[in-house]
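Architecture at a glance
These are the residues of each chain, in order.
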Amino acid sequence: FLISLPKETIEKLGITEFQKDFGKYFGIALIASTGLLIMIFFSWIYEKVNNQRLTAKYKKQIKNSILDLDHHEKAILREYYIQGKNTLKIPIDEPTISGLLNKRILYSVGNYGEMSIVGMLFNCSISKIARENLNNFVLELPNGEPSKSDIERIKNSRPKWVIKLESNRSLFDY
């Protein structure tokens with residue numbers, strides 16, 4: 001700023017001697033700070049581009065994983081729709097659930113779990129990207145009103161741990 005001021009202004013402010021003594025340092029400081037700002041700007045642009053690239057890769061991985069779900073994985077994801085909840089307490093030590101967590105289709109909500117007859121229960125939800133790509137066809141759910149055979153097929157394909165948990169909970173219901 002002091003380098004770019006007109007001579008008359010510098011004389012009016014009475015900083016002529018100050019500019020003579022330290023003017024050479026101002027030029028160096030200007031060059032260094034401009035270089036630093038340019039580096040920060042390019043670093044910010046790189047981070048933005050890299051984040052967008054990683055987000056696109058992450059979304060593509062989840063979409064591909066959804067297309068490759070096996071019957072057991074579909075049964076677990078169907079439970080969210082059957083129970084009408086966004087978050088369920090599920091046993092994360094079950095191999096199929098661990099696989100869904102690793103594929104980032106499910107994610108753990110909170111840090112605390114509880115021990116049950118089926119293993120360690122943690123609150124888990126379906127990730128936003130996975131939820132956007134799940135539909136009745138992928139989860140093998142009927143469109144519209146399910147028939148009796150559809151209901152029976154869905155009941156029979158529910159995970160074993162769900163049945164154990166429901167029967168255990170029914171013992172404590174009055």
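Read on for an overview of the structure.

1. Details of the environment of K59
You can see K59 is positioned in helix 2 (residues 16-67). In this structure the C-alpha to C-alpha distance between K59 and A130, which are 71 residues apart in sequence, comes to 8.4 Å.

2. Quick look at the nonpolar core
If you look at the biggest cluster of nonpolar residues, it comprises 27 residues, and the most contacted ones within it are L77 and L106. Broken down by secondary-structure element, the contributors of at least two residues to this core are helix 2, helix 3 (71-83), strand 1 (87-91), helix 4 (95-102), strand 4 (119-126), helix 5 (128-133) and helix 7 (160-172). The biggest single contributor to this core is strand 4, with 4 residues.

3. So, the packing of aromatic side chains
Here a ring pair, both rings aromatic, is described through the centre-centre distance and the interplanar angle of the planes. This structure, assessed with the given rule, holds 2 aromatic pairs. Taking the centre distance of 5.7 Å and the plane angle of 65° together, the rings of F41 and F42 count as edge-to-face.

4. What about the pattern of salt bridges?
One pass over the full model with this rule turns up 7 salt bridges. A salt bridge links R78 to E140; its shortest N-O distance comes to 3.9 Å. Taken as a pair, R78 in helix 3 and E140 in the loop between helix 5 and helix 6 (148-156) lie far apart in primary sequence, 62 residues in all. Close ionic contact of E114 with K89 constitutes a salt bridge, the shortest N to O distance being 2.6 Å. Of the two residues, E114 sits in strand 3 (residues 114-116) while K89 sits in strand 1, which places them 25 residues apart along the sequence. Given the relative accessible area of 36%, E114 is considered partly exposed. Given a relative accessible area of 37%, K89 falls into the partly exposed group. Via salt bridges that share partners, K74, R78 and E140 belong to a single interconnected network.

Each value, and the rule that gives it
Residues numbered from 1 in each chain as written. Predicted model: local features only at pLDDT ≥ 70, side-chain atom pairs only at ≥ 80, totals over all residues. Heavy atoms only, no water. Helix = DSSP H or I, 4+ residues; strand = E, 2+ residues; numbered from the N terminus. Core = buried A, V, L, I, M, F, W, Y, C linked by side-chain atoms within 4.5 Å. Buried < 20%, exposed > 50% of the residue type's maximum accessible area, 1.4 Å probe, protein only. Phe/Tyr/Trp six-rings, centres within 6.5 Å; stacked < 30°, edge-to-face > 60°. Salt bridge = Lys/Arg side-chain N within 4 Å of Asp/Glu carboxyl O.

Purely geometric numbers; function is a separate question.
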